[in-house]
Amino acid sequence: MFNMIKADSYRITKHVAFYVSIAIIFVMAAVSIYLVSPGTVGQANIGDVSTTQFSQETPLDNMRLEEMESMSPKKIRSLMLETENYELDREILGMNMNLYYCFIFIAAIIITVDFSSGSVKNTLSSAISRRKYFLSKTAMVFGICLLLFFLNTYVAYFGNLIFNDGNVSSDLWTVTKISLLQLPPMLALMSIITGIAFITKKTAVYNMITIPLVMVFQLVLGLLMKLFDLNSKIAKFEFQIMIGRLSATPENDYILHSYLVCAAVIIVFMGAGYLSFRKSEIK
Amino acid sequence: MREIVLKTTKLTKRYGSFTALDNADMTVYSGDIYGLIGRNGAGKTTIMKVLTGLTEKTSGEFEIFSQKGSDVQREKRRIGCLIENPAFFGGMTAYQNLKYYAFQKGITDLKQIDEVLSLVGLNEAKHKKFRKFSLGMKQRLGIAFALLDDPDLVILDEPINGLDPIGISELRETFRKLNTERGITFIISSHILSELYLSANRFLFIDKGRVLREMTKEELDLECMRCIAVKADDIKHAAAVIERKAGITDYKVIDNGELRVYDGKADPEGLNKLLVKNDVSVRSIFETGITLEDYFKSLVGEEK
């Protein structure tokens, strides 16, 4: 297994998508730090629950859209820097769902590229068993994604601290604690993409499913809630909302329940991925 | 007695109602260059995929280096394979691709990469990206990969596909050299019998998933050689007459009902008269001898 991880570590450094993922983290952090507002890809708004509920209040929240659009980035920046008790790094971590799209890249280059190129045959026809292959690929995806996750945390923290003169910063322990709190939903996201990668195998199908997955899931969940008048308590366990809430000050009860949801997701997706891969014909 | 490297017993693979491999029995001995011959879709790749774990068998057994079931996994480090098309990472060079697999196999001496690239004549192209390789070059890289880590058994699926005649001849020599000098056992599949004939010493004919015949090169030569086939009820008596009365010793009893005379001086008419005169009930006597291709066609049941 160690040899497999060593080989994949060598290969991943030859793949441009790996560097693109790192670059995305720096670009996202740079934009957020300059605008003193977290960047986000889409935003969950299911029923009466939205991620903004857990954000800190800023002068922009009470502004009309037209007014905000007419403001220059420089003006937004100065306005935000004047906000009292605002912690930009915490806000950035609250939008960590963005990392899902970087994780998609990572699982693609580690798993599905191997199947799409057919090179998986070379590996599995040698002394590597399917179990060892699955475990080492999973470990590799989780390892690199965790690396990106913590890189994102500390790039946001130190970038904000340096470029915004500590005006809108929390402390190092706080961002570390938030990251650790967010770890289970992050691991669940990694499990989702790893499981789907082992089920779909080919990159094209994998991309077709994983890229719109969050949007489709939120739409379906919203629709179900409206159609069947479901309690919005369910919505707070949607991943984007869960990640946002865990970056704020969640109650212990919520932490426990959200971790249980994450554990179930991890078991389901990793189990499905392994079972699908274990007996499948390698083409 | 030579060591058995690989043995299958009633190995079967079904895809739904389609049987890709039907109760296949084969035995490969250490030091063999074992040719798997069959038309496209005959089941050659299926055998190789089952043996290398790329697909599950439906029933039957196989053993590799005397290990069965889950123990086979341990012995797989002694096997090098190239199954179907050579598949590597297009954005990486030949050297980088092999380095990736060298890491995977736990090879610490990376000089091996240059060695195998030299063996297949790819040393000059080692820093070229795989996606820019011609089909022949890709095939060579696949063979280089199979030879990495000094395997005891090499399984190659249609390795000469895409190679030019000189490349084929060079590769044949490489296989022979590795076979004689390093004692590597080869299993090579092809649908071109005449090509496989030049390198293999044992053959397995397969068609529609069924094994038709397993034979040595000598047996194949005998099958194809010009001869007189005699079919008679009492073949022992016929053999005695041929040996004692006609003084022919160059003959072979094929089975209980047939023998073949390879003596070039013998003629069917004279032989028939002699046998009948000596109370041998001859059912048929005829001249035979065919090309490798015709022999193959006769096995798979096609018209000449």
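These numbers were taken from a predicted model, which means no experiment stands behind them. (Residues numbered from 1 in each chain as written. Chains lettered and ligands numbered in written order. Predicted model: local features only at pLDDT ≥ 70, side-chain atom pairs only at ≥ 80, totals over all residues.)

Asks: Go over the sheet that holds strand β14 (residues 282–288) of chain B, please, and point to the residues and values.
Replies: Residue and element names in this part refer to chain B. Spatial strand order, β12-β13-β11-β14: four strands in an open sheet with antiparallel pairing. Unpaired on one side and paired on the other, β12 (251–255) and β14 mark the two borders of the sheet. Between one strand axis and the next, the sheet turns by 20° as a mean value, whatever way the strands run. Pairing of β12 with strand β13 (residues 258–261), which is carried by four bridges, proceeds in the antiparallel orientation. Looking at β13, one finds that Y251 is bridged to V261. (Pairing = 2+ DSSP bridges. Helix = DSSP H or I, 4+ residues; strand = E, 2+ residues; numbered from the N terminus. Axes fitted to C-alpha atoms, helices over the stretch in contact; angles between N-to-C directions.)

Asks: Explain unusual backbone geometry residue by residue, including any values.
Replies: Residue and element names in this part refer to chain B. Despite not being glycine, N23 has its phi angle at roughly 50°, a positive value. Of note, N23 is situated in strand β2 (residues 18–29). Even without a glycine there, the phi angle at D149 is positive, about 75°. Residue placement: D149 occurs in the loop between α5 (135–147) and β7 (153–157).

Asks: For the domain arrangement of chain B, give the residues involved together with the corresponding values.
Replies: Here chain B is partitioned into domain 1 (4–215) and domain 2 (226–288). A separation of 43 Å is found between the C-alpha centroids of domain 1 of chain B and domain 2 of chain B. (Domains from an automatic or database assignment.)

Asks: Please give an account of the pairing of strand β3 (residues 33–37) of chain B that cites residues and values.
Replies: Residues and elements named next belong to chain B. With five of its five residues buried, β3 lies for the most part within the structure. Of the two faces of β3, the one lined by I33, G35 and I37 and the one lined by Y34 and L36 are each fully buried. Of the pairings in the sheet, the one linking β3 to strand β8 (residues 185–190) comprises five bridges and is parallel in character. Counterpart to I37 in the pairing with β8 is S190. (Buried ≥ 20, exposed ≤ 12 C-beta atoms within 10 Å, placed from the backbone.)

Asks: Describe the pairing of β14 of chain B, and please don't skip the residues or the numbers.
Replies: Residues and elements named next belong to chain B. The buried fraction of β14 amounts to zero of the seven residues, a small share that puts the element mostly on the outside. In terms of strand pairing, strand β11 (residues 227–232) meets β14 through six bridges, oriented antiparallel. Residue pairing in the sheet places K231 in a bridge with S284 of β14.

Asks: Break down the interface of chain B and chain A for me, citing the residues and quoting the values.
Replies: Taken together, the contact between chain B and chain A spans 26 residues of the former and 23 residues of the latter. A per-element tally of the side of chain B that touches chain A places helix α3 (residues 94–104) of chain B first, with six residues. Across the side of chain B that touches chain A, the residue classes break down as eleven nonpolar, ten polar and five charged. (Contact = placed C-beta atoms within 7 Å. Nonpolar A, V, L, I, M, F, W, Y, C, P; charged D, E, K, R; others polar.)

Asks: Go over the packing of helix α6 (residues 99–117) of chain A against helix α10 (residues 203–227) of chain A with me, naming the residues and quoting the values.
Replies: All names here are of chain A. With their axes 10 Å apart at the nearest point, α6 and α10 run at an angle of 165° to one another. As far as their axial angle goes, α10 and α6 are roughly antiparallel. For the pair α6 and α10, the crossing hand works out as right-handed. Residues Y100, I104, A108, T112, V113 and S116 of α6 form the contact with α10, whose own contacting residues are T203, Y206, T210, I211 and V214. Grouping the constituent residues of the contact of α6 with α10 by class yields seven nonpolar, four polar and no charged. (Parallel < 35°, antiparallel > 145°, perpendicular 65-115°, else oblique. Left-handed = near helix turned anticlockwise from the far one by under 90°.)

Asks: How would you summarise the packing of helix α1 (residues 2–12) of chain A against α3 of chain B if you had to cite specific residues and measurements?
Replies: At a minimum axis distance of 7 Å, the contact between α1 of chain A and α3 of chain B shows a crossing angle of 160°. In terms of axis orientation, α1 of chain A runs roughly antiparallel to α3 of chain B. Of the residues in α3 of chain B, those in contact with N3, M4, K6, A7, Y10 and R11 of chain A of α1 of chain A are K99, Y100, F103 and Q104 of chain B. Split by residue class, the contact of α1 of chain A with α3 of chain B holds five nonpolar, two polar and three charged.

Asks: Residues and numbers for the environment of D255 of chain B, please.
Replies: Relative to the elements of secondary structure, D255 of chain B occurs in strand β12. Taking the C-alpha atoms as reference points, D255 of chain B and I235 of chain B, separated by 20 residues in sequence, lie 8.3 Å from one another.

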